[in-house]
Amino acid sequence: MANTKRRARVWFLAWAALAGIVGAAVFLAVAELFALLLARDGSPILAVGGFVIDIVPQPFKEFAIATFGEYDKIALLAGLGLAVLIASALAGIVQYLKPHLGVVALVVAGGLSVAAVVTRAAATFLSPIPAIAGTVAGCLILALLVRRLRAWAAESIGAASDPSPTGDRTVQAGNPALPAENPTVHPKGSATSVDRRMFIRLTAIAGASAVLVGVGARAVITATGSSIAAVRKALKIPAPATTVTVPAGAELDIAGISPLFTPNADFYRVDTALTVPSIDPSTWRLVVDGMVEEKVELSFDDLVGMGLDEYSITLTCVSNEVGGPLLGTAKWLGVPVREVLKRARPKAGADMVLSRSIDGFTAGTPLESLTDDGLDAILAVAMNGEPLPLEHGFPVRMVVPGLYGYVSATKWITELKVTTFAADEAYWTPRGYSAEAPIKFSSRIDTPRSGTPVPAGRTPIAGVAWAQTVGIDRVEVNVDDGGWQSATLSTPVNDDTWVQWYLDWDATPGTHYVAVRAVNKNGDLQIEERAPIAPDGSSGWQRTLISVSS
Ligand SMILES: Nc1nc2c(c(=O)[nH]1)N[C@H]1C(S)=C(S)[C@@H](COP(=O)(O)O)O[C@H]1N2
Ligand SMILES: [Mo]
């Protein structure tokens, strides 16, 4: 008897956990509904996710990117979902054991999500409403469900301690796997069955409505994102005044080498945005303010009306390891940043431009990198012949040759604040990265790949090398430490664009070490010393192990 009673108790705890999960589901669903109706940026799950992205320590972030790659954000959401599931199950159990305490826990969680929401970049006075409404609804449901559950438990476990033969009933009442009993046969069981039925029915209805409303609201919000995709598709960008001349010999015909221009679909993506911002170009504005003689505001039409030109520029991420994939080249259509800054007339003493994204990300770029006539720093609106893809900054982003993306390549840009390095800090500066970060020029072996054996015989060793703003003079390859040999370079498009290189090699069966290094047009040799990506980019010569089959 004591055993069945204990089993029944455990079952009630499980039901309480379910009540907690349903309470949390109602919380999130009502919040999503209000987010849809009132404030898109008020979604607690996305705000908390964004908050987590901003606060997780750098080594953990690197681990996440290394482990989950492009799926790092999905992994974060899955982890967050699991945490919510466990926490809400506990809240249900707490509420069952100590009424009110579970509700208090939910209120605390609601308060934390309000805090996450209001500290997000785009927050308005409406932003906290979804989290508040969700908290109220979640608490009501949790309290209601657990009250029913306790009534059911009191009846049922109370009966279990009753020495009368009806005590057997407990096993049934406490075990949801058993069919409902017939109240006419067990008169005392009727109260239990009513409570049980009420609890189960309420739980099912609340749970199902939460899933429907929550998923529905999110689907509608996502559909709005795809309406911006439709706006993008229909957008006509005026023809540029000049286009990039691609000289003969600029692209080598070698299997496995990176194409000269990286297709948009293959272009690496790095950002802190949990969901891709949806910006309608017809309402987009760029504000130039801070230390300027005149505050300037430009619409999308104003910007493209300044005249577009085409630029070939290789973009590089500071997180690119030696030999890594985080860089790509595109033909960008844009307007020089200097032309926009000229209209605002920066004041003396300014030395930095803090560019801001709609989602709060910021980059700090030296003012002179943006005003120098010899540098093609641009506000880009198109990438490889089409409007910027949504993930790459639609409708406008910055691209600055020679600087890592995190200090220059702001996507979904909305503001250029002319300021000083002393007065302002960009997103990554307090997170372990240098305030200023010119690209360390480097070279990469694309083929053969380590892990993919090549047949013996004549095989090209080939890859890319980049030294944005300076240009690559020479690439050298070393096979099995047999001495450095000069590789053949493709004809450069310009100094802001990577070059391709190759060396013909008589591959013999077995394993071989292949190393690569570059020399830039200033005559500097690529840094040999290995450095990690933080604080200002990796360095070192790539050396890979290649296997050749017989
Ligand atoms: N709004 C925004 N812009 C951003 C970032 C970001 O996190 N948010 N990341 C920067 C970094 S670190 C890099 S390397 C480039 C990458 O641009 P891509 O995703 O188009 O390749 O975008 C930059 N611009
Ligand atoms: Mo980056």
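What counts and how
- Residues numbered from 1 in each chain as written.
- Chains lettered and ligands numbered in written order.
- Predicted model: local features only at pLDDT ≥ 70, side-chain atom pairs only at ≥ 80, totals over all residues.
- Heavy atoms only, no water.
- Helix = DSSP H or I, 4+ residues; strand = E, 2+ residues; numbered from the N terminus.
- Rg over C-alpha atoms; globule rule 2.2 N^0.38 Å.
- Buried < 20%, exposed > 50% of the residue type's maximum accessible area, 1.4 Å probe, protein only.
- Contact = heavy atoms within 4.5 Å.
- Areas by Shrake-Rupley, 256 points an atom, 1.4 Å probe, with all protein chains shown as cover.
- Lys, Arg positive; Asp, Glu negative; His and termini not counted.
- Charge placed at Lys NZ, Arg CZ, Asp CG, Glu CD.
- Domains from an automatic or database assignment.
- Buried area = accessible area lost by both parts, 1.4 Å probe.
- Arc of directions from axis to C-beta.
- Core = buried A, V, L, I, M, F, W, Y, C linked by side-chain atoms within 4.5 Å.
- UniProt positions renumbered as here; feature names shortened; annotations may be inferred.
- Patch = residues over 30% accessible without salt bridge, like charges linked within 9 Å, V, L, I, M, F, W, Y side chains within 5 Å.
- Salt bridge = Lys/Arg side-chain N within 4 Å of Asp/Glu carboxyl O.
- Near = heavy atom within 4 Å.
- Polar contact = N/O pair within 3.5 Å; in protein donor to acceptor, adjacent residues only side chain to side chain.
- Nonpolar A, V, L, I, M, F, W, Y, C, P; charged D, E, K, R; others polar.
- 1 Å grid on protein atoms, 1.4 Å probe; cavity = no way out; pocket = protein on both sides within 12 Å on 5 of 7 lines; lining within 4 Å.
- Points joined across faces, edges and corners; volume = space filled by probe spheres on them.
- Axes fitted to C-alpha atoms, helices over the stretch in contact; angles between N-to-C directions.
- Pairing = 2+ DSSP bridges.

Q: I would appreciate a short explanation of the overall build of the chain in the present structure.
A: When helices and strands are counted, the chain shows eleven helices and 19 strands. Expected size for 550 residues packed as a compact globule is a radius of gyration near 24 Å; at 31 Å, the chain overshoots this value by more than 25%. Dimensions of the chain along its principal axes, counting C-alpha atoms only, are 95 × 70 × 45 Å. The proportion of buried residues among the 550 residues of the chain is 49%. Of the contacts formed within the chain by residues at least 6 apart in sequence, a portion of 74% connects residues at least 24 apart. Just so you have it, the chain exposes about 24,600 Å², and 61% of that area is on carbon and sulfur atoms. With 44 positive and 51 negative side-chain charges, the chain shows a separation of 14 Å between the mean positions of the two kinds.

Q: I would appreciate a short explanation of the domain arrangement of the chain in the present structure.
A: Size of an interface, as often reported, equals the accessible area lost when the parts are brought together. Domains assigned within the chain are domain 1 (2-225), domain 2 (264-431) and domain 3 (442-549). For domain 1 versus domain 2, the separation of C-alpha centres amounts to 43 Å. Contacts between domain 1 and domain 2 engage 14 residues on the former and 14 residues on the latter. For the domain 1 and domain 2 pair, buried surface summed over both sides reaches about 1,100 Å², with 57% attributable to carbon and sulfur atoms.

Q: Whenever I open this one, helix α10 (residues 337-344) confuses me. Can you help?
A: Residues spaced three or four apart along an α-helix face the same direction, because each turn holds 3.6 residues. Of all the positions in α10, only Val337, Arg338, Val340, Leu341 and Ala344 are classed as buried. Around the axis of α10, the buried residues are gathered within 160 degrees of arc, so they sit on the same side. Just downstream of α10, Arg345 is the residue with a positive phi angle, here 55 degrees.

Q: Which parts of the structure should I look at to understand the nonpolar core?
A: Nonpolar side chains tend to gather and get buried jointly when the protein is soluble and globular. Ranked by size, the top nonpolar core spans 58 residues in total, and within it Leu286, Val288, Leu303, Val340, Leu379, Val381 and Leu416 carry the most contacts. Residues lining this core come from more than one domain, with at least three contributed by each of domain 2 (264-431) and domain 3 (442-549). In this structure, Leu303 is in contact with Trp284, Leu298, Val335, Val340, Leu379, Val381 and Val396, ignoring residues within four places of it in sequence. If you look at the next biggest cluster of nonpolar residues, it comprises 26 residues, including Tyr96, Ala133, Leu145 and Trp152.

Q: For this particular structure, what's the right way to read the UniProt feature "transmembrane region" (unreviewed entry) in the chain?
A: On the UniProt side, "transmembrane region" (unreviewed entry) is annotated at positions that read residues 12-39, 74-94, 101-123, 129-146 and 198-221 here. End C-alpha to end C-alpha, residues 101-123 measures 30 Å, and it is 78% helix and 0% strand.

Q: What should I look at first to understand a negative patch on the surface in this one?
A: A cluster of acidic residues, Asp351, Glu368, Asp372 and Glu436, forms a negative patch on the protein surface. As for its placement among the helices and strands, Glu368 is situated in helix α11 (residues 367-371). In this structure Glu368 comes out as exposed when scored by relative accessible area, which is 61%.

Q: Help me understand the site of ligand 1 in this model?
A: Lining the immediate surroundings of ligand 1 are 19 residues, of which Tyr268, Thr272, His392, Arg397 and Lys411 lie closest. At 3.1 Å, a backbone N or O of Val270 approaches an oxygen atom of ligand 1. Measuring from a nitrogen atom of ligand 1, one finds a side-chain N or O atom of Ser357 at 3.1 Å. For ligand 1, whose unbound accessible area comes to 530 Å², protein coverage reaches 99%. Considered class by class, the residues forming the shell around ligand 1 number nine nonpolar, five polar and five charged.

Q: Any chance you could explain empty space enclosed by the protein here in plain terms?
A: Over the atoms rolls a probe the size of a water molecule, and its path tells where empty space is left. Taken as a whole and judged by the stated rule, the model has two cavities of 30 Å³ or more. Counted as a void, the largest cavity has a volume near 90 Å³. For the largest cavity, the lining is made up of 14 residues, of which Asn320, Lys440, Ser442, Trp466 and Ser538 are closest to its centre. Among the domains, domain 2 (264-431) and domain 3 (442-549) are the pair contributing at least three residues each to the lining of the largest cavity.

Q: How should the side chain of Ser355 be read in this particular structure?
A: With respect to the helices and strands, Ser355 occurs in strand β5 (residues 352-357). Note on Ser355: relative accessible area 0%, which makes it buried. Within polar-contact distance, the side chain of Ser355 engages the side chain of Thr410 at 2.7 Å.

Q: Any chance you could explain the packing of helix α4 (residues 72-97) against helix α5 (residues 101-118) here in plain terms?
A: The geometry of α4 relative to α5 is characterised by a closest axis approach of 6 Å and an angle of 145 degrees between their N-to-C directions. Between α4 and α5, the contacting residues are Ala91, Val94 and Gln95 on the first element and Leu101, Gly102, Val103 and Ala105 on the second. The class makeup of the residues in the contact of α4 with α5 is five nonpolar, two polar and no charged.

Q: Is there a simple way to explain the sheet that holds strand β2 (residues 296-299) in this structure?
A: Within a sheet, neighbouring strands are paired by backbone hydrogen bonds and run either parallel or antiparallel to one another. Pairing is mixed across the open sheet formed by five strands, whose spatial order is β2-β1-β10-β5-β6. Because the sheet does not close on itself, it has two edges, and the strands there are β2 and β6 (362-366). Ignoring which end each strand starts from, the neighbouring axes of this sheet average 15 degrees apart. Pairing geometry for β5 and β6, over five bridges, is antiparallel.

Q: How should I be thinking about the environment of Ile65 in this particular structure?
A: You can see Ile65 is positioned in helix α3 (residues 58-68). Along the sequence, Ile65 and Val270 sit 205 residues apart, while their C-alpha atoms lie 9.8 Å from each other.

Q: How should I be thinking about the sheet that holds strand β18 (residues 510-520) in this particular structure?
A: With respect to topology, five strands assemble into an open sheet ordered β12-β19-β18-β14-β15, the strand pairing being mixed. The sheet is open, and its two borders are formed by β12 (454-455) and β15 (484-486), each paired with just one other strand. Here β18 runs beside strand β19 (residues 542-549); their pairing, made up of seven bridges, is antiparallel. Its bridge partner being in β19, His512 is matched across the sheet by Ile546.

Q: Any chance you could explain the pattern of salt bridges here in plain terms?
A: Pairs may arise between side chains of opposite charge once their charged atoms sit close together. Summed over all chains, the structure comprises 22 salt bridges. Between Glu339 and Lys342 there is a salt bridge whose closest N-O contact spans 3.6 Å. Here Glu339 and its partner Lys342 are both found in helix α10, three residues apart, which amounts to about one turn of the helix. Shared partners join several salt bridges into a network, and the residues in it are Lys73, Arg269, Asp271 and Lys411.

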